[in-house]
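Residues per chain, in single letters:
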Amino acid sequence: MDYVGASRTLHAVRRLLGGAALVALFALTFAVSSAHAQLQAPAAPDTTFDDPGDWGYDDPPALPGNSGGTPSQQPGPYPNPQPPHPAPYPTPTPTPTPTPDPGDPTWYPPVEEELPAVTTSYVAGTVARLRTDGRAAIPRAAPKRVRSLIAQYNRIVGKRYKWGGGHATLVDNGYDCSGAVGYGLIKGGLLHTTMVSGSVARWAAAGAGRWVTVYAQKTHVYVEIAGLRLDTSPAGDRSGQSGVRWRPLIGQRRGFKVRHPVGL
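Being a predicted model, the structure only gives us computed values, none of them experimental.

Description of the overall build of the chain
Right, on to step 1. Assigned secondary structure in the chain consists of 4 helices and 11 strands.
Right, on to step 2. Counting over 264 residues, the chain shows a buried share of 34%.
Right, on to step 3. Counting contacts in the chain only where the partners sit at least 6 residues apart, residues at least 24 apart contribute 47% of the total.
Right, on to step 4. Accessible surface, the chain: about 17,000 Å² in total, of which carbon and sulfur atoms supply 57%.

Here you go:
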């Protein structure tokens, strides 16, 4: 027997078997790794939505195949990823209520809560008060010319509205707006002759006065003195009565010029 040849043949067979075993081992290892990877990282579900921008505030959109507002359950050790919760929709800004036009003759400004009427002819401080008889209680701390002006207007309070009243004669049985305003200014030495309202809009100094402010336009004029308004118009007055009366302050209405006697 050729022992040398047999030995060489056996050695070649062993080498061949060893290489095959190594290849088989590599193949087995690769198969196990692939299976493990498939178990550890399952394919992500399809999260495509028809309109991902149109989400409701309370719940996220439903995933395909699920009618509820939560993602469908998939097998695997990890929970399904959820889409981010959208931010709440911004609160719509309310539309502001249109401001009434103070120049509209049909609109009356809101009436502020008035102080109770007094019975005395004078009150302390610098603000005049309405008396129970409709006249004004004169503030003791007001300048002398202001106190005199209020006293003069008290003489015609309660007179009826009369077109042209107070112009032909200063002392009249009724007054229109410019006649009433002019009466006190003339008696108080602040005006030399009666004027129509359009002329008063260009009289004296421009702007509001510290004590006396006149508001005038071509069709109407009124005066505010030390916290009260003398006016023939009931605008802003809860009583609604016409004629010459002390009324709550109303300030400047649209279209009116603001004037004041120099120094007051």
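Having seen the model, we can carry on.
Examining the sheet that holds strand E2 (residues 129-130)
Right, on to step 1. Sheet architecture is open: 3 strands sit in the order E1-E3-E2, paired in mixed fashion. Edge positions in the sheet fall to strand E1 (122-123) and E2, since each has one partner strand and no second.
Right, on to step 2. In this structure, E1 lies alongside strand E3 (residues 136-139), joined through 2 bridges in parallel fashion. Across the sheet, Val-123 pairs through a bridge with Pro-139, a residue of E3.

Let's talk about the packing of aromatic side chains
Right, on to step 1. Counted by the stated rule, this structure contains 4 aromatic pairs.
Right, on to step 2. Here Tyr-175 and Tyr-183 contribute two aromatic rings whose centre-to-centre distance is 5.8 Å and whose plane-to-plane angle is 70°, an arrangement assigned as edge-to-face.
Right, on to step 3. Taking 5.5 Å as the distance between ring centres and 55° as the angle between the ring planes, the aromatic pair formed by Tyr-222 and Phe-256 counts as tilted. Placement of the pair is Tyr-222 in strand E8 (residues 221-225) and Phe-256 in the loop between strand E10 (245-247) and strand E11 (257-260), with a sequence separation of 34 residues. Take Tyr-222 and Phe-256: they sit in the same class, and that class is buried.
Right, on to step 4. Joined through ring pairs, the aromatic side chains of Tyr-215, Tyr-222 and Phe-256 make up one cluster.
Right, on to step 5. Note that Arg-229 overlies the ring of Tyr-222, its terminal NZ or CZ placed 5.8 Å from the centroid.

Considering the pattern of salt bridges
Right, on to step 1. For the structure shown, the criterion picks out 5 salt bridges.
Right, on to step 2. For the salt bridge of Arg-135 with Asp-133, the shortest nitrogen-to-oxygen distance reads 3.6 Å.
Right, on to step 3. Residues Lys-162 and Asp-172 are paired through a salt bridge, measuring 3.1 Å at the closest nitrogen-oxygen approach. Residue Lys-162 is found in the loop between strand E4 (160-161) and strand E5 (174-175), and its partner Asp-172 is found in the loop between E4 and E5; the two are separated by 10 residues along the sequence.
Right, on to step 4. With a relative accessible area of 14%, Asp-172 lands in the buried category.
Right, on to step 5. Salt bridges sharing partners connect three or more residues here, namely Arg-131, Asp-133 and Arg-135.

Focus: the environment of Ala-142
Right, on to step 1. Along the chain, the position of Ala-142 falls in the loop between E3 and helix H2 (144-154).
Right, on to step 2. Beyond its immediate chain neighbours, meaning those up to four positions away, Ala-142 contacts Gly-125, Arg-147 and Trp-211.

A short note on the packing of H2 against helix H3 (residues 177-187)
Between two packed helices, what matters for the description is the angle formed by their axes and the separation of those axes.
Right, on to step 1. Direction vectors running N to C along H2 and H3 enclose 135°, while the axes themselves pass 9 Å from each other. By the criterion of interaxial angle, the relationship of H2 to H3 is oblique. When you trace H2 past H3, the crossing you get is right-handed. Seen from H2, the contacting residues are Leu-149, Gln-152 and Tyr-153; seen from H3, they are Ala-180, Val-181, Tyr-183, Gly-184, Leu-185 and Lys-187.
Right, on to step 2. Partitioning the contact of H2 with H3 into residue classes produces 6 nonpolar, 2 polar and 1 charged.

Remarks on the pairing of E8
Right, on to step 1. Across the 5 residues of E8, 5 count as buried, placing the element largely inside the fold.
Right, on to step 2. The two faces of E8 match: Val-221, Val-223 and Ile-225 on one face and Tyr-222 and Glu-224 on the other face are all buried.
Right, on to step 3. As paired elements, strand E7 (residues 212-216) and E8 share 5 bridges and run antiparallel to each other. Opposite Thr-213, over in E8, you have Glu-224 as the bridge partner.

Describing the confidence of the model for the chain
Right, on to step 1. Put simply, the chain has an average pLDDT of 75, and 57% of its residues get 70 or more.
Right, on to step 2. Segment residues 41-81: pLDDT under 50, and 37 contacts once partners within four positions in sequence are set aside and those in other chains are kept.
Right, on to step 3. The model gives residues 83-108 a pLDDT under 50, and that stretch makes 25 contacts with residues more than four places away or in other chains.

As for the nonpolar core
In a soluble, globular protein the nonpolar side chains are often hidden away together inside.
Right, on to step 1. Counting residues in hydrophobic clusters, the biggest one holds 35 residues, and the most contacted among them are Ile-150, Tyr-153, Ile-225 and Trp-246.
Right, on to step 2. Sorting the residues of this core by element identifies E3, H2, H3, E7, E8 and strand E9 (228-231) as the ones contributing at least two each.
Right, on to step 3. Residue contacts for Tyr-153: discarding those within four places in its chain leaves Ala-180, Val-181, Gly-184, Leu-185, Val-223, Ile-225, Leu-230 and Trp-246.
Right, on to step 4. By size, the runner-up hydrophobic cluster in this structure holds 6 residues, among which are Tyr-215, Tyr-222, Ala-235 and Val-258.

Rules behind the numbers
- Residues numbered from 1 in each chain as written.
- Predicted model: local features only at pLDDT ≥ 70, side-chain atom pairs only at ≥ 80, totals over all residues.
- Heavy atoms only, no water.
- Helix = DSSP H or I, 4+ residues; strand = E, 2+ residues; numbered from the N terminus.
- Buried < 20%, exposed > 50% of the residue type's maximum accessible area, 1.4 Å probe, protein only.
- Contact = heavy atoms within 4.5 Å.
- Areas by Shrake-Rupley, 256 points an atom, 1.4 Å probe, with all protein chains shown as cover.
- Pairing = 2+ DSSP bridges.
- Phe/Tyr/Trp six-rings, centres within 6.5 Å; stacked < 30°, edge-to-face > 60°.
- Lys NZ or Arg CZ within 6 Å of the ring centre and 35° of its normal.
- Salt bridge = Lys/Arg side-chain N within 4 Å of Asp/Glu carboxyl O.
- Axes fitted to C-alpha atoms, helices over the stretch in contact; angles between N-to-C directions.
- Parallel < 35°, antiparallel > 145°, perpendicular 65-115°, else oblique.
- Left-handed = near helix turned anticlockwise from the far one by under 90°.
- Nonpolar A, V, L, I, M, F, W, Y, C, P; charged D, E, K, R; others polar.
- pLDDT = per-residue confidence, 0-100.
- Core = buried A, V, L, I, M, F, W, Y, C linked by side-chain atoms within 4.5 Å.

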